[in-house]
Amino acid sequence: MKLRRAPVAASAVLACVALATPLRAADKPVELGTEVTVDVVGVAKGGADHRARVLSNVDLTAALDLEALAGWSGARAFVYVLDNHGLRPNDAAGKLEGVNNIEVPKAGTRLFEAWVEQDLGRGASLRVGLYDLNSEFYATDSSAVLMAPPFGIGSEFAATGRNGPSIFPCSALAARLYVPVGDDDAFARLAVLGAKAQTLGDPGGIDLQFGDGLLFVGEVGEAKGSTRLTLGGWGYSRGSLNAYLIGPDGEPVRKPSFGAYAMFEQDLLARDDRKLTAFVRAGLSNKDAAPFRGALQAGVLLAPALVGRPDSLFSVGFHESWTSRSFRAAGRAEGMIPANEQGIEVTYADKILPWLALQPDVQWVRHPGGDERAPAGVILSLRTMASF
């Protein structure tokens, strides 16, 4: 079972901890993968209504060894098609950050990733094409099983750009450079992406004009024993549209958009048969970012969760988003008392068959929608994942 990383519905196909499956087997020039996820989600307390909503996500992936297939030394390719349908549980929950990481604003089928990667020697590589930023940047394996989108990518970054910053479900053309540093497990990672995330399956197709400018992202990190630390930063060349600042023409105003983040993971228990990992992630953006100026996530992952169940996972996470100055001003103008949105999630995942996994999930949300007077909500979910 693959664990999905999610921003306001973010994604990943990377393998993680006990339930993971490799993208590409070393002895196969072509590795195909299919994963079907079906979620049933309902707001049990608070929210606009309490009816259950069903939504689905289908991942179709192909990893190709171009050296074996075409004699292209040190090259590989990856193609990833997404299909998303169903209802939107956040219509009832009313969260700024969303409650489910496979929920999309518009149902449909999209070419999510299509890139070629070239080895550059000494562990360095260059990747070019349609690229999911969150597959490598601003991602922690220990938070990946949680369903709330903030645990995939920080909300202060996820909410930027016209359609988000090349994350689930819309990607953009990009070039990514990865370079290992020194003899330790340290690295530097840089990427340049189109600022307008728009791909095949979206209206207008892939954005080739770069009218919104470019997005620059960088990370440095190091792993020492049981500790992993990553620092990152990002910025748009043209700035982002701020829906909470309206100009004289009635259109959103473009404001500079940039930020930085840090991620820390620590193995509290690390045995051959069991691991308990804690994570803390935090990010800040400039004061005119909308609707967030910062966010924090923290939690733990136990794998396996139960003795005798090697594929079981248990995770608890806390998240808080700090609403921006422009969001608060717009809220006060409409009679709202602005507040920071907070949430706690508890989840358990386990395989019941070699190809089938179930994941019950509970979320509690305080100040949904960034409104101090909004009643706290409780969201119940059941995720079913089938891998082929």
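Topic: the packing of aromatic side chains
How two aromatic rings sit relative to each other is given by the distance of their centres and the angle of their planes. In the structure shown here, the tally under the stated rule is 11 aromatic pairs. Between F78 and W115 the ring centres are 5.3 Å apart and the planes differ by 40 degrees, which places this aromatic pair in the tilted class. One end of the pair, F78, is in strand β3 (residues 75-86); the other, W115, is in strand β4 (residues 108-121), and 37 residues separate them in sequence. The two residues F78 and W115 agree in class, both being buried. Taking the centre distance of 3.9 Å and the plane angle of 10 degrees together, the rings of Y138 and Y261 count as stacked. With Y138 in the loop between β5 (124-131) and α3 (155-158) and Y261 in strand β12 (residues 258-270), this pair connects stretches of sequence that are 123 residues apart. For the residue pair Y138 and Y261, the accessibility class agrees, reading buried in each case. Ring pairs connect the aromatic residues F78, Y80, F112, W115 and F168, which therefore count as one cluster. Over the aromatic face of W115 sits the side chain of R127, whose NZ or CZ is 3.8 Å from the ring centroid. Here the guanidinium or amino end of R189 rests over the ring plane of F137, the centre of that ring lying 5.6 Å away.

Description of the environment of Y138
A relative accessible area of 0% means that Y138 is categorised as buried. Spatially, the C-alpha atom of Y138 lies 7.6 Å from that of G152, the residues being 14 residues apart in sequence. Residues in contact with Y138, not counting those within four places in the same chain, are G152, I153, G154, E156, F157, E219, Y261, M263, R281, A282 and G283.

Quick notes on the side chain of S143
When you line up the elements, S143 lands in the loop between β5 and α3. Within the structure, S143 has its side chain in polar contact with the side chain of T140 (distance 2.7 Å). Excluding residues within four positions of it along the chain, S143 makes contact with F151, F279 and R281.

Some points on empty space enclosed by the protein
Using the criterion set out here, one finds four cavities of 30 Å³ or more in the structure. There is about 70 Å³ of room inside the largest cavity. Around the largest cavity, the lining residues are G161, R162, A195, D212, Y236, G239, S240, L241 and R254. A per-class count over the lining of the largest cavity returns three nonpolar, three polar and three charged.

Some details on the pairing of strand β16 (residues 341-353)
Regular strands place side chains that alternate from one sheet face to the opposite one. Where strand β15 (residues 313-323) and β16 come together, nine bridges link them in antiparallel fashion. What sits directly across from S321, in β16, is E341. Across nine bridges, β16 lies against strand β17 (residues 356-366) in antiparallel orientation. Bridge assignment links T347 to a residue of β17, and that residue is D361. Here β16 hands over to β17 after two residues, the two strands then running antiparallel side by side.

Cut-offs and rules
- Residues numbered from 1 in each chain as written.
- Predicted model: local features only at pLDDT ≥ 70, side-chain atom pairs only at ≥ 80, totals over all residues.
- Heavy atoms only, no water.
- Phe/Tyr/Trp six-rings, centres within 6.5 Å; stacked < 30°, edge-to-face > 60°.
- Helix = DSSP H or I, 4+ residues; strand = E, 2+ residues; numbered from the N terminus.
- Buried < 20%, exposed > 50% of the residue type's maximum accessible area, 1.4 Å probe, protein only.
- Lys NZ or Arg CZ within 6 Å of the ring centre and 35° of its normal.
- Contact = heavy atoms within 4.5 Å.
- Polar contact = N/O pair within 3.5 Å; in protein donor to acceptor, adjacent residues only side chain to side chain.
- 1 Å grid on protein atoms, 1.4 Å probe; cavity = no way out; pocket = protein on both sides within 12 Å on 5 of 7 lines; lining within 4 Å.
- Points joined across faces, edges and corners; volume = space filled by probe spheres on them.
- Nonpolar A, V, L, I, M, F, W, Y, C, P; charged D, E, K, R; others polar.
- Pairing = 2+ DSSP bridges.

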